[in-house]
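# Structural characterization, general
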Amino acid sequence: MGRVVVLGSLNVDVVTLVERHPLPGETLLGEPGGTYAGGKGGNQALAARRAGADVVMVGSVGTDEAGDAYLARLRDAGVETAVTRVPGAPTGTAYITVDEAGENTIVVVPGANESVEDASLKVVGLGPGDVLLCSLEIPLDVVARAVLAADRAGARVVLNMAPYSRLLADAVAVCDPVVVNESEMRQLADSGLMPASLLVTFGAAGARWGIESVDGIPVAKRDLGDTVGAGDAFCGALAAALANGADDRSALVAANAAGAAAVRWVGAQPDARL
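This text gives an overview of the structure that appears in the document. Bear in mind that the values here come from a model prediction, so they are computed numbers and not experimental data.

## A closer look at the side chain of serine 191
As for its position among the elements, serine 191 is in helix α6 (residues 182-191). Polar contacts involving the side chain of serine 191 include one to the main-chain amide nitrogen of leucine 193, which spans 3.1 Å. Those residues within four positions of serine 191 in sequence are excluded, and the remaining contacts are Tyr164 and Arg166.

Next comes the structure, spelled out in structure tokens:
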């Protein structure tokens, strides 16, 4: 069985609760929802660990208290770290607004995430059996080089193309799969860049990967926390299943279940309040 190596962002999530999302130019009053550990990379690493994989997190945080707390959280969860500390840059922050239906909008201030370096991944030593899981909240050139290097080393690459940005076509081509939601799928189609292995998530309606598809798993409104991090939980569980030898269908089923479970708690990770 291989490892899941996650290359991505580490953020502090500042959550505000509102009755509904504001219209452009509109001001609404909200309530504090709390401050949580987040960032697509950290969310995915912890999800892969919850799913039973051996996990290494590659990223960057500041030399601030938030960075200290996040690294401690990862290590306490059994996630190995190859994380750079960046003097003079704050740990990344995401400002998240959640409405009464649990839907969210997110603005990310990258901070130290902009300083992720190639050298951090090289020390991990990717090889056959490993799965590299990447997302796009860090510099795109670093992601592209990491994807191509992992492919050359014989590792499998799972790319979560979120937030959507156009990545080097040669890098996208070697990913198996590229994971997108409906909005990102449309942006990908508009770009003319359609990968051979494409997995599309449809929120509560399930997911489709090639000829394989799964229905959504219903969650009662009384059990709903929010949808923050549900896609990251999906991706982490998918990578964990693939690293543990699952076939595509089984990995898709496991990922779908993890995504549904993630909407039952508040925040991008369970018990993530900082």
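Moving on, there is more to tell.
## Some words on the pairing of strand β2 (residues 11-17)
Alignment of β2 against strand β3 (residues 31-38), held across seven bridges, turns out to be antiparallel. Its bridge partner lying in β3, asparagine 11 is registered against glycine 38. Relative to strand β6 (residues 92-98), β2 runs parallel, the two being bridged by seven bridges. Bridge pairing in β6 links asparagine 11 to glycine 92.

## Brief notes about the nonpolar core
The biggest cluster of nonpolar side chains holds 43 residues, and the ones touching the most others in it are Val4, Val55, Met57, Leu199 and Leu238. Once residues within four sequence positions are removed from consideration, leucine 238 is found in contact with Val158, Pro177, Val179, Leu199, Trp209, Ala251, Leu252 and Ala255. Formed by 34 residues, the second largest nonpolar core is a distinct cluster that contains Val142, Val143, Leu159 and Leu188.

## A closer look at the environment of aspartate 271
Take aspartate 271: it is sitting in the segment after α8 (248-262). Judged by its relative accessible area of 73%, aspartate 271 falls in the exposed class. In the structure, aspartate 271 is positioned 235 residues away from tyrosine 36 in sequence and 8.5 Å away in space, judged by C-alpha atoms.

So, how was this worked out
- Residues numbered from 1 in each chain as written.
- Predicted model: local features only at pLDDT ≥ 70, side-chain atom pairs only at ≥ 80, totals over all residues.
- Heavy atoms only, no water.
- Helix = DSSP H or I, 4+ residues; strand = E, 2+ residues; numbered from the N terminus.
- Polar contact = N/O pair within 3.5 Å; in protein donor to acceptor, adjacent residues only side chain to side chain.
- Contact = heavy atoms within 4.5 Å.
- Pairing = 2+ DSSP bridges.
- Core = buried A, V, L, I, M, F, W, Y, C linked by side-chain atoms within 4.5 Å.
- Buried < 20%, exposed > 50% of the residue type's maximum accessible area, 1.4 Å probe, protein only.

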